[in-house]
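Fold and geometry: a report
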There are 2 protein chains.
Amino acid sequence: MNYSVGYLGPKGTFTQKAVDALFPDEQVKSYQTIPLCMDAVKFGHVKYGVVPIENTLEGTVNMTLDYLIASKTLKVVSEIVVPVEQHFMVDPNNRDRWKETDTIYSHPHALAQCHTFLSNEMKNVSVEPFTSTAAAAKHVSDYPERSIGAIANDLAAKEYGLEIIRRNVEDVTNNHTRFVVIHKNDTALRVKSMPIQGFKTTFMIALPTDHAGALHQVLSAFAWRRINLSKIESRPMKTGLGHYYFLIDVQQKMDDILIPNTVAEIEAIGCQVEILGSYPQYSLDALTEQDLDS
Amino acid sequence: MNYSVGYLGPKGTFTQKAVDALFPDEQVKSYQTIPLCMDAVKFGHVKYGVVPIENTLEGTVNMTLDYLIASKTLKVVSEIVVPVEQHFMVDPNNRDRWKETDTIYSHPHALAQCHTFLSNEMKNVSVEPFTSTAAAAKHVSDYPERSIGAIANDLAAKEYGLEIIRRNVEDVTNNHTRFVVIHKNDTALRVKSMPIQGFKTTFMIALPTDHAGALHQVLSAFAWRRINLSKIESRPMKTGLGHYYFLIDVQQKMDDILIPNTVAEIEAIGCQVEILGSYPQYSLDALTEQDLDS
């Protein structure tokens, strides 16, 4: 079978939600790690890769960004924001005696995010970490005779035939995960079935090593052009803890004048600038991102 | 038994390395999640908590920072940088036939970080994600009759009696994890056995909602005082994706004039400022952090 889209698996994770929305009609294939998924795009096994980039339970931003920067050939061509909702679920077999649950399985971050629910309502239940919320759900469905439960999303409940007992058990609602679509060239991905929420350009900027106040100067190049930032993050260079680069997202499409002029000005003060992508944003709920500065 | 120090477990992880160096003579207790460990400090079950805060394999920065900000009462009183080295290990039983290994277990991030080793030298071996590198090592030691291996650190090899076959199998050497020590008041933790590498103050700054260019203005308050930043990161507020705050680390101790004046100036432009800690830095290797701007 020819797969056109790869994603960070397993099935039933939030990444699959993003993939289903972006590529409803394509053959998709799951990969076990972010680099394996990105290599699949690089070597042409799949055309697109979908990986988490921010605020995620199942993966890490850093890994996606590191491999994107190291690859040199891959670009971000789209982004999608997915609301993250965690539910407590058991096998239908245990629906009526869910209060007897003695062990709850989930990803460690999900267990941490549902701290209040677990310490108030599931006081004497032990928690067991699993590599993903979906794997925890699968484990619960594998042992219907045991008094166990999982914390996972509704896709996992559906995939593994579990019954949701309590919805939204996370401490803080309004959690979201951002996913990016990776492709070998920078042609923006347009999804017909969803409205575009906005546009974004992601910069990787390395500062000159001997220039005090360079970050402040870099931000001036954006500020006086009234280009709004939606994210800034300093990251250690892989050569050790001592050197840094910056990832900056601006809410602006690549254009003929504004962005190229900003890049030229930042390069003129001795910085190295790379554009990791200029792309449309989609969202699976009504919320859209706002500016950092407004 | 009275425990004075809690840490993110399990045994044999990089967090334990940090704990061993900082608290060689104390009774320590491991916790399954970051919030459980931080609650133990908050409710006085332990005096200090040690949790990862940056570039970690076993936990996440975000969770530590989120709970630190939400707690209001907990402070960072020390920081330690631990080099992260991953090794390939098997049961001593399989030392001579390690080439027959059919499955390698590790944390998904560790598997991803050892991508080159796995795809070049372990081509037909399947990889299986585990919740921690230490748990993977334990699993390998539990089944000495199987042809399996783990990727984990030397502490895990020692803890579970495994034999290291290949050292430093990660793609990029020079990986580090930063851990912070959490305490109920802001008295800096001094460790007699290690030299102090420097001092740091961590700010949480929330921008006013209707003020364009506020971030640039905030950085001016640091820049013109020649206070060097060593980290900046924007984070979404928990009220949704649309609002942000900033985490800024500066390489400067809390003092009588410079820091209070900076805070007053930033508050004067309508920002909310909180100091999450002002603390000494320690390191388990010779590298120290440098400025963002120099």
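Note that the structure is a prediction, hence the values are computed from the model and not measured.

Here is what the cut-offs are and how they apply
- Residues numbered from 1 in each chain as written.
- Chains lettered and ligands numbered in written order.
- Predicted model: local features only at pLDDT ≥ 70, side-chain atom pairs only at ≥ 80, totals over all residues.
- Heavy atoms only, no water.
- Domains from an automatic or database assignment.
- Contact = heavy atoms within 4.5 Å.
- Buried area = accessible area lost by both parts, 1.4 Å probe.
- Salt bridge = Lys/Arg side-chain N within 4 Å of Asp/Glu carboxyl O.
- Polar contact = N/O pair within 3.5 Å; in protein donor to acceptor, adjacent residues only side chain to side chain.
- Phe/Tyr/Trp six-rings, centres within 6.5 Å; stacked < 30°, edge-to-face > 60°.
- Helix = DSSP H or I, 4+ residues; strand = E, 2+ residues; numbered from the N terminus.
- Buried < 20%, exposed > 50% of the residue type's maximum accessible area, 1.4 Å probe, protein only.
- Pairing = 2+ DSSP bridges.
- Axes fitted to C-alpha atoms, helices over the stretch in contact; angles between N-to-C directions.

With respect to the domain arrangement of chain A
Residues and elements named next belong to chain A. The domains assigned to chain A are domain 1 (1–83 + 174–186), domain 2 (87–166) and domain 3 (194–283). Residue-level contacts link 17 residues of domain 1 with 20 residues of domain 3. For the pair domain 1 and domain 3, the summed buried area comes to about 1,500 Å², and 51% of that belongs to carbon and sulfur atoms. Its largest share of buried area at the contact with domain 3, domain 1 owes to Ile69, Val76 and Glu79, together 33% of the area lost on that side. With a closest N to O distance of 3.0 Å, Glu79 and Lys200 form a salt bridge. There are 7 residue pairs in polar contact (both at pLDDT 80 or more) connecting domain 1 and domain 3.

Let's talk about the packing of aromatic side chains
Residues and elements named next belong to chain A. Scanning the model with the defined rule gives 10 aromatic pairs over all chains in all. With a centroid separation of 5.3 Å and an interplanar angle of 75°, the aromatic rings of Phe203 and Phe222 are classed as edge-to-face. Of this pair, Phe203 sits in strand β11 (residues 198–206) while Phe222 sits in helix α8 (residues 214–223), and the two are 19 residues apart along the sequence. Judged by its relative accessible area of 0%, Phe222 is buried. Among the aromatic side chains, those forming a connected cluster through ring pairs are Phe88, Trp98 and Phe117.

Looking at the environment of Val84(A)
With respect to the helices, strands and loops of the structure, Val84(A) is situated in the loop between β4 (75–83) and β5 (87–90). Once the C-alpha coordinates of Val84(A) and Cys37(A) are considered, the two residues, 47 residues apart in sequence, prove to be 22 Å apart.

Regarding the sheet that holds strand β6 (residues 103–106) of chain A
Residues and elements named next belong to chain A. What the 5 strands build is an open sheet, ordered β7-β6-β8-β5-β9; its pairing is mixed. Of all the strands in the sheet, the pair left with one neighbour each is β7 (126–129) and β9 (163–166). Here the average twist between neighbouring strands, direction ignored, is 35°. Bridge count between β6 and strand β8 (residues 148–152): 3 bridges; the pairing is parallel. Residue Thr103 lies in a different strand from β8, and its bridge partner there is Ile148.

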